[in-house]
Amino acid sequence: MNLDRRHFLSVLGGATLAWPRAVEAFGTQLASGGAPDDEAFWYQVRSTFLIPDDRIYLNNGTLGPSPRVVVDAVTEHVRRVAATFPPGIAWDDLKASVARLVGGDAEGFVFPRNTTEAMSFVANGLELFEGEEVVTTDHEHIGGLEPWRVLEARRGVRLSVAALPVPAASEEELADAVWDAVSPDTRVVSVSHMTFTTGTLMPVVELARRCRDQGIVFCVDGAHPPGMLSVDVGGLGGDFYASSPHKWVMAPQGCGLLYLAPEWRSKLWPTLASGGWDDHALSAHRFNHMGTIDESRMAGLFAASEYLLALGPDRVEARVRYLRGRLEDGLAAIEGVHVVTPAAEALKGGMVSFSVDGVESPDLQRHLSRAASVRTRVIGEYDYGWMRLSTHVYNRPDEIDRVLELVDEVARTGIAG
Ligand SMILES: Cc1ncc(COP(=O)(O)O)c(C=O)c1O
C-alpha cells in the first residue's frame, strides 16, 4: 500500500481510525502465497474470522460472516458516534474502494440496504405503463422479482417469465431461453447474474448486448458475484446492477449496492427522496440522500471492501472455485446424488445445488446441522427442493470432506429416525 493510500485510509472523515491499519497489516502478512491449495495461507485467512472451529458454514449465499476487522470497523464507528466524535462517511473513499473491487466508475454507486431495496429503486424509478412487459426467469429470488410484481399489480405491467434449462449446458442456451420470452412489448429484461437456485452464471454480457440492440433496459440482480468472482459492473454493459455486499463481500448485514449506467444517473426517478434528489449535478449520489442512516454499516462495507482488495479478488475467486470444485466433484461421485449446477466452469462460481434420491432436502439439512453443525440452504422456492452449498475463503478442505462423508452415508443408508 502506498503512502498516499495509507494516509487517506487513516484520516477518514478527519478521524484517525484503527481498522485501516489492521487491514494494512493483514495485507502485509498475506502479501505472498495464496495459491488455491496453499493451506498455510488460507489457515491464516480463516483465523481472521470469528467462525468457531467446529462450525461448518456453507451458506455464504444467504449471508457472509464478516471478518474481525469489519466487525471492529462497525463497533469503532458506533463508539465514535456515541462519544459524539462521529467520523461521518468518507463517501469518495468508499466509492473508490468499491469501484476497485467490483469495477464501474466511482460516481455510479448508490448504497441502499440490500439487493431487494436496490431492485425496488430500479422498478419504481422507471416509467413503465400498462401493457408494457418485463422479462424475468423462473429462477429469480423474491428480492429481484417482487419489485416487478408490484408494478404488475399496481400499473398493469406484464411479466413474461423465461424458463431456464437445468442444468444449463452453455451461455447460448441460457441467453436464448431468456430471449424466447422477449416480445415487441418488452421494455425491461431483469435477470440474476448468478441464480440463487443452482448457482448458474447467466450470460449477462450477451444479454446486455441484445438488450442494447433492441433499446430494452437491462437490469441485473447481482446479489452473488461481487466478492465471489472478479466482476466489472460497468463493463458488462447493462443499465443497472443491484447487489448485497453482506453476502460475498462479507460486509455487515444491511449493506446493499446499486450501480447505475451513466445515462440513468440523471434519468431514474428516486423512490426515496430527500434534499438534492433533483440536483442532477450530484449524479447518482442524489440517491444516497436517504435521511439519517446507519453509518456504521457503511464503515463496515468500506472495511470489507478493503479487506478483500488486500486479499486480492483473483486469489479469492480461485480459492472459492477450488473449494466448490472439491465439493461438487465429491457430490457427483456419490451414487444417488444429482447435481443441478452446470458442468461448465464458466457457468458457475461458489455455489453448488443438488438432490439426493429418496431424501428430502430439509431432512438432509437437519441431519447435517445435528451431525456436524453444518449450515446450508434448502431451495424450497418454486418447489425445486434442492440443497445448496456455498464455499468462501474461510472454508477448509477438511470441512468439505466431512460434509461429503455425511452426504455419502445418507445416500447409502438414508437418515435414521
Ligand atoms: C439472487 C438474489 N437476489 C436477491 C436476493 C435478496 O437479497 P437481500 O435479502 O440482501 O435483499 C437474494 C438473497 O439471497 C438472492 O440470492
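Heads up: the structure comes first, above all this text.
We now turn to the structure provided with this report. The structure presented is a predicted model; accordingly, all values stated were derived computationally and were not measured. (Residues numbered from 1 in each chain as written. Predicted model: local features only at pLDDT ≥ 70, side-chain atom pairs only at ≥ 80, totals over all residues. Heavy atoms only, no water.)

Here we look at the nonpolar core
Among the nonpolar cores identified, the biggest contains 72 residues, and V45, F109, V189, F218, Y307 and L311 are the most heavily contacted of them. Top contributing element to this core by residue count: helix 11 (residues 295–311), with eight residues. A domain-level breakdown of this core finds at least three residues from each of domain 1 (91–306) and domain 2 (314–413). Dropping the residues within four chain positions of it, V45 is found in contact with L30, Y307, L311 and V393. Core analysis: the next-biggest nonpolar cluster, separate from the first, contains 27 residues, V110, L145, A261 and M290 among them. (Core = buried A, V, L, I, M, F, W, Y, C linked by side-chain atoms within 4.5 Å. Buried < 20%, exposed > 50% of the residue type's maximum accessible area, 1.4 Å probe, protein only. Helix = DSSP H or I, 4+ residues; strand = E, 2+ residues; numbered from the N terminus. Domains from an automatic or database assignment. Contact = heavy atoms within 4.5 Å.)

Looking at the site of the ligand
Around the ligand, the structure places 13 residues, and the nearest of them are T116, D221, H224, S244 and K247. In the environment of the ligand, an oxygen atom lies 3.4 Å from a nitrogen or oxygen atom belonging to the side chain of H141. For the ligand, whose accessible area on its own is 390 Å², the fraction buried by protein is 88%. A class-by-class count of the residues in the shell around the ligand yields two nonpolar, nine polar and two charged. (Near = heavy atom within 4 Å. Polar contact = N/O pair within 3.5 Å; in protein donor to acceptor, adjacent residues only side chain to side chain. Areas by Shrake-Rupley, 256 points an atom, 1.4 Å probe, with all protein chains shown as cover. Nonpolar A, V, L, I, M, F, W, Y, C, P; charged D, E, K, R; others polar.)

Things to note about the packing of helix 12 (residues 313–332) against helix 14 (residues 397–413)
To characterise two packed helices, one gives the angle between the axes of the helices and the distance between these axes. At a minimum axis separation of 9 Å, helix 12 and helix 14 run at an interaxial angle of 20 degrees. Here helix 14 runs roughly parallel to helix 12, going by the angle between their axes. Here helix 12 and helix 14 pass one another in a crossing that is right-handed. Here R319, L323, R326, L327, G330 and L331 of helix 12 come into contact with helix 14, specifically with P397, I400, D401, L404 and V407. For the contact of helix 12 with helix 14, the per-class residue count stands at seven nonpolar, one polar and three charged. (Axes fitted to C-alpha atoms, helices over the stretch in contact; angles between N-to-C directions. Parallel < 35°, antiparallel > 145°, perpendicular 65-115°, else oblique. Left-handed = near helix turned anticlockwise from the far one by under 90°.)

Let's talk about the side chain of D239
Checked against the element boundaries, D239 lands in the loop between strand 6 (217–221) and strand 7 (240–243). Polar contacts involving the side chain of D239 include one to the side chain of W264, which spans 2.8 Å. Those residues in contact with D239 that lie beyond four places of it in its chain are I216, V217, F218, Y259, L260, A261, E263 and W264.

Overview of the pairing of strand 3 (residues 133–137)
It is a general feature of regular strands that their side chains alternate between the two faces of the sheet. By the criterion of burial, strand 3 is predominantly enclosed, with five of the five residues buried. Burial of the side chains of strand 3 extends over both faces: E133, V135 and T137 are buried on one face and V134 and T136 on the other. Looking at chain direction, strand 3 and strand 4 (residues 158–162) are connected through five bridges and run parallel. Across the sheet, residue T136 finds its bridge partner in strand 4, namely V161. With respect to chirality, the unit in which strand 3 leads through helix 7 (residues 142–155) into the neighbouring parallel strand 4 is right-handed. Note: strand 3 against strand 5 (residues 186–192), three bridges, orientation parallel. Bridged to V134 within strand 5 is V188. (Pairing = 2+ DSSP bridges. Right-handed = clockwise from strand over helix to strand, strands pointing away.)

Some points on the environment of H392
Looking at the secondary structure, you find H392 in the loop between strand 13 (386–390) and helix 14. As a C-alpha pair, H392 and P65 span 327 residues in sequence and 9.9 Å in three-dimensional space. Setting aside residues no more than four positions away along its own chain, H392 makes contact with N60, G227, W248, M250, V316, V320 and L323.

Considering the packing of aromatic side chains
Evaluation of the coordinates by the stated rule reveals 13 aromatic pairs. Pairing F26 with Y307 gives two aromatic rings, centres 4.5 Å apart and planes at 10 degrees, and the pair type is stacked. Linking F26 in helix 2 (residues 19–29) with Y307 in helix 11, this pair joins segments that are 281 residues apart in sequence. For the pair F26 and Y307, a shared accessibility class is recorded, and that class is buried. (Phe/Tyr/Trp six-rings, centres within 6.5 Å; stacked < 30°, edge-to-face > 60°.)

Looking at the environment of E399
Mapped onto the fold, E399 is located in helix 14. Here E399 is in contact with R46, R55, I56 and Y394, once residues within four sequence places are set aside. One polar contact links E399 to R46, side chain to side chain, over a distance of 2.8 Å.

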